[in-house]
Amino acid sequence: NRIVIRIFALVLLIPSLLWISCRKNTDSLVPSNENPVLLESGVIGQVLDPQGNPAENVQVSHDKTTVVTDKNGVFILKNQFMNSQGAQITFKKSGYFQLHKSVLPIKGKIVNMKARLIARNVTKVISSTQGGTVLANGSASVTFKPNSFVTSSSTPYSGNVKVFTYYMAPILGTTRDEMPGNLTGRTTDGEFVVLQTMGMLIVELEDEAGNPLQIDPQSPAEISAPIDPSLSSIATPTIPLWHYDPIKASWIEEGFAQKVGNNYVGSVTHFTTWNWDFPFKAIKFKFRLVNENGEPLANHNFYITDLTNSGHGSGATNSDATARRASRSPPRRNDISRCSI
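A brief report on the enclosed structure follows. Fair warning: this is a prediction, and the values are worked out from it, not measured in the lab.

### Concerning unusual backbone geometry
- Notably, Ser139 is not glycine yet its phi reads approximately 70 degrees, a positive angle.
- Looking at where Ser139 falls in the secondary structure, it is placed in the loop between strand S10 (132–135) and strand S11 (141–144).
- Given the relative accessible area of 57%, Ser139 is considered exposed.
- For Ala249, which is not glycine, the phi dihedral falls at a positive 55 degrees.
- Along the chain, Ala249 falls in the loop between strand S18 (238–245) and strand S19 (250–260).

### Quick notes on the pattern of salt bridges
- Counted according to the given criterion, the structure contains four salt bridges.
- With a shortest N-O distance of 3.8 Å, Asp63 and Lys64 are connected by a salt bridge.
- Residue Arg120 is joined to Glu206 by a salt bridge in which the shortest nitrogen-to-oxygen separation is 2.8 Å. Of this pair, Arg120 sits in the loop between strand S8 (110–116) and strand S9 (124–127) while Glu206 is found in strand S15 (residues 192–206), placing the two residues 86 residues apart along the sequence.
- A relative accessible area of 12% means that Glu206 is categorised as buried.
- When salt bridges with common partners are traced through the structure, they connect Arg120, Lys162, Glu204 and Glu206 into a single cluster.

### Brief notes about the sheet that holds strand S4 (residues 65–68)
- Across the sheet, four strands lie side by side as S4-S3-S6-S7; this open sheet has antiparallel pairing. Here the strands that pair on one side only, and so sit at the sheet edges, are S4 and strand S7 (99–103). On average, each strand axis in the sheet is tilted by 25 degrees relative to the strand beside it, whichever way the strands run.

### Thoughts on the pairing of S18
- Taking burial as the measure, the eight residues of S18 include seven buried ones, the bulk of the element.
- Pairing geometry for S18 and S19, over seven bridges, is antiparallel. When the sheet's bridge partners are listed, Thr238 is paired in S19 with Gln258.
- Taking the residues that link successive antiparallel strands as the turn, the S18-S19 hairpin has four residues, and the phi of Ala249 there is positive, at about 55 degrees.

### What to know about the packing of aromatic side chains
- Tallying each qualifying case throughout the model produces four aromatic pairs.
- Ring geometry for Phe75 and Phe91: centres 5.7 Å apart, planes at 75 degrees, overall edge-to-face. Of this pair, Phe75 sits in strand S5 (residues 74–83) while Phe91 sits in strand S6 (residues 87–92), and the two are 16 residues apart along the sequence. Across the pair, exposure class does not vary: Phe75 and Phe91 are buried alike.

What counts, and where the lines are drawn
Residues numbered from 1 in each chain as written. Predicted model: local features only at pLDDT ≥ 70, side-chain atom pairs only at ≥ 80, totals over all residues. Heavy atoms only, no water. Helix = DSSP H or I, 4+ residues; strand = E, 2+ residues; numbered from the N terminus. Buried < 20%, exposed > 50% of the residue type's maximum accessible area, 1.4 Å probe, protein only. Salt bridge = Lys/Arg side-chain N within 4 Å of Asp/Glu carboxyl O. Pairing = 2+ DSSP bridges. Axes fitted to C-alpha atoms, helices over the stretch in contact; angles between N-to-C directions. Phe/Tyr/Trp six-rings, centres within 6.5 Å; stacked < 30°, edge-to-face > 60°.

Structure representation (structure tokens):
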């Protein structure tokens, strides 16, 4: 049941739909020099395992509240004071990458979301003194320089390095649920933007005892991702790189990658999850979807087009038929998501 809605830009820009004020709390997705606007809301959702089955006993957290998914992978977080620009929900389970996702809350409502876990397996063990290239799934890769690893206290590390990687292709529907945050971020100037991904790469490093490692910022690593043939027509010579910051709970622009053959290649000085993205101006909006009799249409997919400039967004309504999204303008085709999640 896919509902198509067309809304003029004048409606999208009504100020009363853009900002909701409430009391302050600690939850913040904005830079430290800005004051977050908080509102009371909640989240209900389902967590899936890598095979798409319900994931039981996953710890789901927001701020200081933690719940556990049931046998159906379902969780609910109630009475939470959440950042109106996007609240971070964290998912933890042994054997899987820790996942941080963002939702746009609605005052007094419980919003829907879905998450999909990624198995955390060692991709390759390399020597710190030799470095080398590690191939991830999907033909993505990361290349390390010799003697470029440091401990969590920034002291040089010598020994074997366990490398954990996972590549999320931009054309796969599973990427929407696997990726951290949502497709919004902050530019180097601090501007809030909507993103179109050309691929994402998780890289985590450990020593032989399981302690986390990083790379020396003076010895950058090289990350490479394939350009999907269906997106080659929009592949520019350079593309901004973005890393996911779990403290700010946002994608942060940092550097760029160059088009080399059929790949985007860039240098990075640290590791979380990296994202190759085009940024777009964001348009925020909120609505409630009903049928011709005024009855609410809950859990329905929607696709919204701005007839004045072809900006667009998509998503699903909540249990009370409401939705709040940030879409982009102008559009690009073939992307996995055309709005924030």
